[in-house]
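Below are the chains, spelled out letter by letter.
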Amino acid sequence: MRLEPIANPGLMRRLAPPALAIAGSFLVASLLALIAGGNPFAVFGAILKGAAGSKFALLETLNRATPLIFTGLAVAVAFRARLWNIGAEAQLYAGAVVTVMLGTGALHWPSLPLLVVIGVASMLAGALLLLIPALLKTRFGVDEVVTTLLFNFIFLLFVSYLLEGPLKDPMGMGWPKSARLISEARLPRIIEGLRLHWGFVLALVSALVLWVINTRTTLGFEMRAVGQNAEAARFAGIPVTRVILKTALLSGGLAALAGFSEVAGLKGSLTLDLSPGYGYTGIVVAMLALLHPLGVVVAALFVAAIFVGADAMSRALGVPSYLADIMLASALLMMVLAILLSKFRVVRD
Amino acid sequence: MTASDQAQQPVLRLSNITKRFGALCANDDVSFSLGRGEVIALLGENGAGKTTLMNILFGQYSADAGEVEVFGQRLAPGNPRAALDAGVGMVHQHFTLAGNLTVWENIVLGTQALTAPRLRARAAKARIADLSKRFHLAVDPDAKVGQLSVGERQRVEILKALYRDARILILDEPTAVLTPQESDALFATLREAIGLGLSVVFISHKLHEVMAISHRVLVLRHGRLVAERATADTSHEELAALMVGGAVSSPKIAPMPPGPALMRLSRVSSKGEGHAPGLQSVTLTLHGGQITGLAGVSGNGQGALSDLISGLAMPSSGQLEIAGEAITDWSPRRALARRIGRIPEDRHHTGTIADFDLTENAVLETYASDFARHGWLDWAAARAHAEALIQTYDVRCPGPDTAIRLLSGGNMQKLILGRVLETRPRIILANQPVRGLDIGALNYVHTRLAEAREQGAAVLLISEDLDEIMTLSDVIHVISQGRLSPAFARGTMAPEALGRWMAGDGFAEVAHAS
């Protein structure tokens, strides 16, 4: 048996990978649910109910999807240009740190300008954090997979230091936790009384903006050209290095918005468990979305629903909520395989 | 023994071989046989299915239908080992040697058990020495392959096949990388080999070689065996017509006075990439209304020169002048701004982006200058431009939204040609513009380049094909080891004389004289 490339994959073949990957992950989860003593149908029913069965559940899912949209977009924009940003986790925390630094009383401004300034400053922090590995890549050919990945650990330890030192809340009774944001620096709720903040809207707008950038602007064209074939792009006169650096700024900025949105919209302060790996999950989201910005929104909602639903399911049926992690991991693995199979066909000799 | 007697005792017989790749039928019901001591030439344009057929014979592909018999035994399909054991040796177009090993290690590689404590060097070297003497294949068995010339590497490849007791040699485009002199040496070796009872399948699209070396010629076109001729009973013209299925014509280059000097390189040196040599104090002037041909064996600095002109590299010393202006800042975009049109050597990897559609590839060089305002792309205009290119340059394709990788090489090249010519370039760099194209596309590209010349453009034509260079060029330079020969006017040099320059001989005389 071997693989032969397919000349022109149709729409069905291109949409098949995510569908197959999700179906496959359900299959794996069913087996594990059986082993754990649950009825797969009951398990998935409980996940669905837990994720969207009530107004509260639905809002929780949207809240959980918000940072995943940001990190998913960050990864998608970078991967599209073949800049392998594995460091969205660190960039998220960079945004969160800046939000806390500016939002806990350093600036006493009216809410809107304050939020704009904090948002922009967060993006800058995330952008600069990714600029370092990007410069190392373009200047010295250092593999950005390694540098961005390792930056995650370095930066998390740095945040840990900040929370034990300069940013530690004096009123926090010794917990490694920052002071709370002043009320002007909080992202308000979209509708009073409903637990959903403007960060979600910002995420949707970001996805739309990125979609427009990708399809309508020279930068979007350049990023894709560099990602598809840097040699041809350079030959055609596209400034490859500059495009990679711009991509890094965009990607890092988007990831940082996740941190800004989580702190200013949801948590109100910074702790070391702000992100349960949103930066890494963003990679799954981006891959499931085939790097398409609008697909990222759908994929983030799906992933968030699995997580939120699995928590509820676990409480109701006693099947461990680790099932959610396994579903995502298997979905990603199958996605990689399915993408391959959508471009090739298996030929039997 | 006459040729017909030989054919009666075939050492090799291919019967009804058919091979499909998707919709493409690479080999369609091909049958032939090869006699002992016979050389058959497999002639056809690029893409006619020659290499596929030989890969089936050698077991690298398995055929969808048909079978291969060697010395009367059916060969297991899809198994190169079986082919080797049966006495089939193949010399690939791209060599399969390890540069960091010595000649004898390369030859022995794979013939001795991996578990052996050490290679039996002395016996192996003695055998290699014997073979190289018998077949006039002079190489030093202890030399590192990485330090050998291309011609020597090919000798190692042939020795490798002979060392494995090959009785049938398959040579895939063996002269593509050789100077005329090296080709002659190869032919001498082949004559030696057939004298000793070996049989040879010789793949080529160069007619004069086919006429010189083969007993029989098989012509492949679009995967089908369209003709079989005894070499003695056929002619150059007949084979050319059979190969393309029609008469061949090349554009007329009428003499015209040279225009102004549009580009001047004065003692330019530059760094090469990897093992390829850079330029060594090259002085070159390109005049408007002239085609300047650059002959040379590939890998002798053509890459460095074309990188320089395309804007990818700066001279490390010396001066580059365009239209009388010295260049200090240089990049592909600046080259485009100075109206240099570039047809790159590798149209698949450098000239186009495979998964981009025709529209995107058509505006790859001009999207920012001609199809965007304040960073916003005008896709409607870009698409219209692509449609115009497709029309004007006869690009056969389903439409501008087709991914360019689905196009044939010829149509891909027409799009690149259109992209270049539509900008009305003053200087055109054409690096191997027709390599791998069928005769139709080849003539089209040549005609368009000749037209650009008539309209006053300075064309630099880089090619390994001496015929192409001699047919089209007003002036010819030869490049060897990064050095450039003096300019030779059209019709003043015989191919053999140019061949000596290609081998690097003329340069020594110049150095001597000065």
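Predicted model only: the values in this text are computed from it and were never measured.

### So, the overall build of chain B
- Within chain B, the secondary structure is distributed over 20 helices and 23 strands.
- Its C-alpha atoms give chain B principal-axis dimensions of roughly 70 × 55 × 50 Å.
- Per-residue burial for chain B yields a buried fraction of 52% across its 514 residues.
- Restricting the contact set of chain B to residue pairs at least 6 apart, pairs at least 24 apart contribute 68%.
- Accessible surface for chain B amounts to roughly 22300 Å². Of this, 50% is attributable to carbon and sulfur atoms.

### Here's the deal with the UniProt feature "transmembrane region" (unreviewed entry) in chain A
- Look at the UniProt record and you will see "transmembrane region" (unreviewed entry) annotated at residues 61-79, 91-109, 115-136, 145-163, 196-214, 243-260, 280-310 and 322-341 of chain A.
- For residues 280-310 of chain A, the end-to-end C-alpha separation is 19 Å, with 87% helix and 0% strand making up the annotated structure.

### Brief notes about the interface of chain A and chain B
- Taken together, the contact between chain A and chain B spans 26 residues of the former and 30 residues of the latter.
- When chain A packs against chain B, close to 2400 Å² is buried across both sides, 59% of that on carbon and sulfur atoms.
- For the pair chain A and chain B, the interface holds one salt bridge.
- Note that Arg224(A) is salt-bridged to Glu360(B), the shortest N-O span being 2.2 Å.
- For the side of chain A that touches chain B, the secondary structure elements donating two or more residues are β1 (2-5), α7 (198-216), α8 (218-228) and α9 (230-235) of chain A.
- Ranked by residue count, the leading element in the side of chain A that touches chain B is α8(A), at six residues.

### Description of the pairing of strand β20 (residues 458-463) of chain B
Residue and element names in this part refer to chain B.
- Taking burial as the measure, the six residues of β20 include six buried ones, the bulk of the element.
- Alternating positions in β20 separate into two faces, Ala458, Leu460 and Ile462 on one and Val459, Leu461 and Ser463 on the other, with burial throughout.
- With six bridges connecting them, strand β13 (residues 290-295) and β20 associate as parallel partners. Directly across from alanine 295, in β20, lies its bridge partner serine 463.
- Regarding topology, helix α17 (residues 439-454) serves as the crossover connection from strand β19 (residues 427-431) to the parallel β20, and that connection is right-handed.

### Topic: the nonpolar core
- Counting residues in hydrophobic clusters, the biggest one holds 110 residues, and the most contacted among them are Ile69(A), Phe155(A), Ile238(A), Leu270(A), Leu288(A) and Met313(A).
- Of the residues forming this core, the biggest block, 13 residues, is contributed by helix α3 (residues 55-80) of chain A.
- Setting aside residues no more than four positions away along its own chain, Leu270(A) makes contact with Tyr93(A), Ala96(A), Val97(A), Val100(A), Val159(A), Leu163(A), Lys177(A) and Ser178(A).
- Residues Ile390(B), Leu421(B), Ile428(B) and Phe488(B) belong to the second largest nonpolar core, which totals 45 residues.

### What about the domain arrangement of chain B?
Residues and elements named next belong to chain B.
- The domains assigned to chain B are domain 1 (3-244) and domain 2 (261-513).
- A straight line from the C-alpha centre of domain 1 to that of domain 2 covers 33 Å.
- Buried surface at the junction of domain 1 and domain 2, both sides included, amounts to about 840 Å², of which 61% is carbon and sulfur.
- Taken together, the connections running from domain 1 to domain 2 amount to zero salt bridges.
- Taken together, the residues of the side of domain 1 that touches domain 2 sort by class into five nonpolar, four polar and one charged.

### Overview of the sheet that holds strand β12 (residues 279-287) of chain B
Residue and element names in this part refer to chain B.
- Strand order in this open sheet of four strands is β12-β11-β14-β15, and the pairing throughout is antiparallel. Single-partner strands in this sheet number two, and they are β12 and β15 (325-326).
- In this fold helix α10 (residues 302-310) packs onto β11 (261-270) and β12, with an angle of close to 125 degrees to the strand it touches most, β11.

What counts, and where the lines are drawn
- Residues numbered from 1 in each chain as written.
- Chains lettered and ligands numbered in written order.
- Predicted model: local features only at pLDDT ≥ 70, side-chain atom pairs only at ≥ 80, totals over all residues.
- Heavy atoms only, no water.
- Helix = DSSP H or I, 4+ residues; strand = E, 2+ residues; numbered from the N terminus.
- Buried < 20%, exposed > 50% of the residue type's maximum accessible area, 1.4 Å probe, protein only.
- Contact = heavy atoms within 4.5 Å.
- Areas by Shrake-Rupley, 256 points an atom, 1.4 Å probe, with all protein chains shown as cover.
- UniProt positions renumbered as here; feature names shortened; annotations may be inferred.
- Buried area = accessible area lost by both parts, 1.4 Å probe.
- Salt bridge = Lys/Arg side-chain N within 4 Å of Asp/Glu carboxyl O.
- Pairing = 2+ DSSP bridges.
- Right-handed = clockwise from strand over helix to strand, strands pointing away.
- Core = buried A, V, L, I, M, F, W, Y, C linked by side-chain atoms within 4.5 Å.
- Domains from an automatic or database assignment.
- Nonpolar A, V, L, I, M, F, W, Y, C, P; charged D, E, K, R; others polar.
- Axes fitted to C-alpha atoms, helices over the stretch in contact; angles between N-to-C directions.

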